[in-house]
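# Descriptive structure summary
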Amino acid sequence: MRAAGVANVVGFDLSPAMLTRAGATLAYTELHQGSLLEPLPFAPGRFAAAVSVGVFTCGHVGPAAFAVLAGSVAAGGHVTLSFRSDAIDSLGYAVEMDRLERAGTWQLVERTEPAPLIVEQGKAVDMIVMTWRVL
Ligand SMILES: C[S@@+](CC[C@H](N)C(=O)[O-])C[C@H]1O[C@@H](n2cnc3c(N)ncnc32)[C@H](O)[C@@H]1O
């Protein structure tokens, strides 16, 4: 994101160790520790966009965080999230992303085709990336 010209990149993660690793990249203007399943320590609508990679997956963050993230982005901004394609239905993400669309919170603007992510116990798992515009 910095290479693409984004001047201010604010990082947020539950894990202090992950934040230390993030800090070592020198890409972030701020780093904060906390949970996406609780109110965020940011003013509502503070951000032009929220981007999350590898967080909406088994053992990490459930769909309740979608509304939290959308609330941190200004109207007209974007939320971009990566998913394991096999988790979208099974972990309840699809139901919540559709609920937020019907509620007028956000509107889907892009859903990528599945692309190879990992091989798990001999089985290929794909990822997809979805982007919504916050309304
Ligand atoms: C698979 S790692 C991906 C890390 C990083 N985004 C990347 O792509 O390398 C999942 C991350 O989700 C974070 N995480 C799990 N539960 C969380 C929560 N409730 N709130 C915020 N971050 C959480 C973990 O600490 C971990 O850093």
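For clarity, every value in this text was computed on a predicted model and none was experimentally measured. (Residues numbered from 1 in each chain as written. Predicted model: local features only at pLDDT ≥ 70, side-chain atom pairs only at ≥ 80, totals over all residues.)

With that out of the way, let us pick up the pairing of strand S4 (residues 73-84). Direction of pairing for strand S3 (residues 47-56) relative to S4: parallel, over a ladder of six bridges. In the sheet register, Val 51 faces S4, and the bridge partner there is Thr 80. Taken together, S3, helix H2 (residues 65-71) and S4 form a β-α-β motif whose crossover is right-handed. As paired strands, S4 and strand S7 (residues 123-134) are joined by seven bridges and run antiparallel to one another. Each bridged residue has a counterpart across the sheet, and for Ser 82 the counterpart in S7 is Val 129. (Pairing = 2+ DSSP bridges. Helix = DSSP H or I, 4+ residues; strand = E, 2+ residues; numbered from the N terminus. Right-handed = clockwise from strand over helix to strand, strands pointing away.)

Right, let's get into the environment of Leu 40. Take Leu 40: it is sitting in the loop between strand S2 (30-33) and S3. The sequence separation of Leu 40 and Arg 99 amounts to 59 residues, and the corresponding C-alpha distance is 21 Å. In this view, Leu 40 contacts Gly 34, Val 68 and Ser 72; residues no more than four positions away in its chain are not counted. (Contact = placed C-beta atoms within 7 Å.)

The quantities given are spatial measurements derived from coordinates; they are silent on function.
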